[in-house]
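One-letter residues, chain by chain:
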Amino acid sequence: MISQPSRHCAVELQALPSRIGQVRRIVSAQLRYWHLDALIDQATLGVTELLTNVHRHAKPDKTCSVEIEFLLGVLTVSVRDRDPKFPELRRAPDTETCGRGLALVAAVSESWGVRPDERGKVVWFTLAAADEAAPAPAVTPHRRYGAGAEPFAEVRAEERAGRRGVRAVGVG
């Protein structure tokens, strides 16, 4: 039996509003590269909500990492931070303008959860891909990113230009 290899990507950052937009673009680019375009909206919404929670609530600092992994037709998106306090799923009153982040994650995902980590916690969610959406990419999409470039080329170029703070730590 031939099994599909795992595809994995990890990014470390400070969960600041400007960085959250960069991570959305990274997740979108990586999912396009993996031919998982149908999952982009759900994945970027979910990662935005989880990073916003880190920005608003995590202590002692806003350092975190985002990991996305595609294995056996399931995309898992996880955000690891240094705060051991677990988030709470709650029903925000209709008059509130915030407090629905985990409810949104639960609504768009197949499953979600939180687990302790040696330095804090990991909040994750999963999305199922349609069977036809999961072929392994044969070549780097040269037309979209330029010859010889990889999906994170535009983000790395921004970093070299002085927008430090988001670091790709693994791409596969």
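Residues numbered from 1 in each chain as written. Predicted model: local features only at pLDDT ≥ 70, side-chain atom pairs only at ≥ 80, totals over all residues. Heavy atoms only, no water.

(A) Structural context of the confidence of the model for the protein chain. On average, residues of the protein chain score 77 in pLDDT, and 66% of them are at 70 or above. Segment residues 132–164: pLDDT under 50, and 47 contacts once partners within four positions in sequence are set aside and those in other chains are kept. (pLDDT = per-residue confidence, 0-100. Contact = heavy atoms within 4.5 Å.)

(B) The arrangement of the pairing of strand β2 (residues 63–71) in detail. In terms of strand pairing, strand β1 (residues 7–14) meets β2 through 8 bridges, oriented antiparallel. Following the sheet pairing, Gln 14 is matched in β2 by Thr 63. In the sheet, β2 pairs with strand β3 (residues 74–81) via 8 bridges, with the strands oriented antiparallel. Each bridged residue has a counterpart across the sheet, and for Ile 68 the counterpart in β3 is Val 77. The hairpin formed by β2 and β3 contains 2 residues between the paired strands, and Leu 72 there has a positive phi angle of roughly 55°. (Pairing = 2+ DSSP bridges. Helix = DSSP H or I, 4+ residues; strand = E, 2+ residues; numbered from the N terminus.)

(C) Just the pattern of salt bridges, in detail. Using the criterion set out here, one finds 4 salt bridges in the structure. Salt-bridge contacts for Arg 80 lead to Asp 117; the nearest nitrogen and oxygen are separated by 2.6 Å. Placement of the pair is Arg 80 in strand β3 and Asp 117 in strand β4 (residues 111–117), with a sequence separation of 37 residues. Beyond isolated ion pairs, a larger network of salt bridges with shared partners links Glu 67, Arg 80 and Asp 117. (Salt bridge = Lys/Arg side-chain N within 4 Å of Asp/Glu carboxyl O.)

(D) Seen up close, helix α1 (residues 17–33). For α1, spanning 17 residues, the distance from its first C-alpha to its last is 25 Å, which sits close to the expected 24 Å at 1.5 Å a residue. Buried residues dominate α1, accounting for 12 of its 17 residues. The set of residues buried in α1 consists of Arg 19, Ile 20, Gly 21, Gln 22, Val 23, Ile 26, Val 27, Ser 28, Ala 29, Gln 30, Leu 31 and Tyr 33. Just beyond α1, the residue with positive phi is His 35, at close to 65°. (Expected span 1.5 Å × (residues − 1). Buried < 20%, exposed > 50% of the residue type's maximum accessible area, 1.4 Å probe, protein only.)

(E) Layout of the environment of Val 47. For Val 47, the location among the structural elements is in helix α2 (residues 40–57). Note on Val 47: relative accessible area 1%, which makes it buried. With 78 residues separating them along the chain, Val 47 and Phe 125 place their C-alpha atoms 9.0 Å apart. For Val 47, the residues in contact, after removing those within four places along its chain, are Val 23, Arg 24, Val 27, Val 66, Val 77, Val 79 and Phe 125.

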